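Take a look at the letters that make up each chain.
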Amino acid sequence: MRNNAKKLIPLLLTIIVLLSLSITASAATAKKISIAGSLKTMVVGQKNELDTKITPKSAKVRDRNIVWTSSNPKVIRILENYDDETEIKALKAGTATITVSIKGTNLKASRKITVKNSSAASVSSYTKKISSCTESLKDIYNSIKKATVKSGYSAARKQAKTYENKLEKIEDQLDELEDTIKSLYRSGKFTASQYNSLKKKLKSADRYADKAEDYLERKFGDFD
């Protein structure tokens, strides 16, 4: 009996290790890929960064297996073909579909982007866009303050996630505005003083986003 027990121990340990590896591999499998943000228009000469969102967050995908392509490289060129994020450049007016995929899988996501000829950039229009984002952040923050945390882990987590998604959407818009404003400044459409003025407004909006996120975590807790 003692000898049989000794023989069983290595076998059991092997089974446990294999099961553990199987569970880990399953948890690390990518189920979905998407392109972050809401960028849909650019002007000629503009550069923008695009990032991926892979679900679940625990999924392990090598950068070299994430592939970016453009349906019309003469309109929009991909500057980094293999990475979880890339930079694209608008070359001429037209449309192009940007696609990101994971090699060896059927997972992919696409975004159609329209490129327009550059025109005189309006500081006031970008000021309004930043102000609109800031007001949206204030509304979300006030909504979080007034909210009553639902009882039960799942209900509270779902409630917090709703607010988190709203904040993330506004932050994506601010990131895209920052990229666009920087690109317009580099191409000479904004003066240094105009650029710095808009940059201050963006930083103010970012601080409000951080304030709302901190308050959300204090009130609901950290569900990650």
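Residues numbered from 1 in each chain as written. Predicted model: local features only at pLDDT ≥ 70, side-chain atom pairs only at ≥ 80, totals over all residues. Heavy atoms only, no water.

Peer 1: Is there a simple way to think about a negative patch on the surface in this case?
Peer 2: Taken together, the side chains of Glu49, Asp51, Asp63, Glu80, Glu85, Asp175 and Glu178 present a region of like negative charge at the surface. Mapped by element, the contributors of at least two residues to the negative patch are strand 3 (47-55) and helix 3 (153-186). Here Asp63 is to be found in the loop between strand 3 and strand 4 (66-70). The exposure class of Asp63 is partly exposed, given its relative accessible area of 38%. (Patch = residues over 30% accessible without salt bridge, like charges linked within 9 Å, V, L, I, M, F, W, Y side chains within 5 Å. Areas by Shrake-Rupley, 256 points an atom, 1.4 Å probe, with all protein chains shown as cover. Salt bridge = Lys/Arg side-chain N within 4 Å of Asp/Glu carboxyl O. Lys, Arg positive; Asp, Glu negative; His and termini not counted. Charge placed at Lys NZ, Arg CZ, Asp CG, Glu CD. Helix = DSSP H or I, 4+ residues; strand = E, 2+ residues; numbered from the N terminus. Buried < 20%, exposed > 50% of the residue type's maximum accessible area, 1.4 Å probe, protein only.)

Peer 1: So what exactly am I meant to see when it comes to the packing of aromatic side chains here?
Peer 2: Aromatic ring pairs are defined here through the distance separating the ring centres and the angle between the ring planes. Here the structure, examined in full by the defined rule, presents five aromatic pairs. Ring centres of Tyr163 and Phe220 lie 6.1 Å apart, and the angle between their planes is 50 degrees; on these two criteria the pair is classed as tilted. Of the two residues, Tyr163 sits in helix 3 while Phe220 sits in helix 4 (residues 192-220), which places them 57 residues apart along the sequence. Note on accessibility: Tyr163 and Phe220 belong to one class, buried. Following the ring pairs from residue to residue traces out a cluster consisting of Tyr141, Tyr208 and Tyr215. Over the ring of Tyr208 we find Lys211, and its NZ or CZ is 5.3 Å from the ring centre. (Phe/Tyr/Trp six-rings, centres within 6.5 Å; stacked < 30°, edge-to-face > 60°. Lys NZ or Arg CZ within 6 Å of the ring centre and 35° of its normal.)

Peer 1: In this structure, what is going on with the confidence of the model for the protein chain? I would like to understand it.
Peer 2: Detail in the predicted coordinates should be disregarded across regions flagged by low pLDDT. Across the protein chain, the average pLDDT comes to 86, with 85% of residues at 70 or higher. Every residue in residues 22-27 is under pLDDT 50, and counting partners more than four places away or in other chains gives three contacts. (pLDDT = per-residue confidence, 0-100. Contact = heavy atoms within 4.5 Å.)

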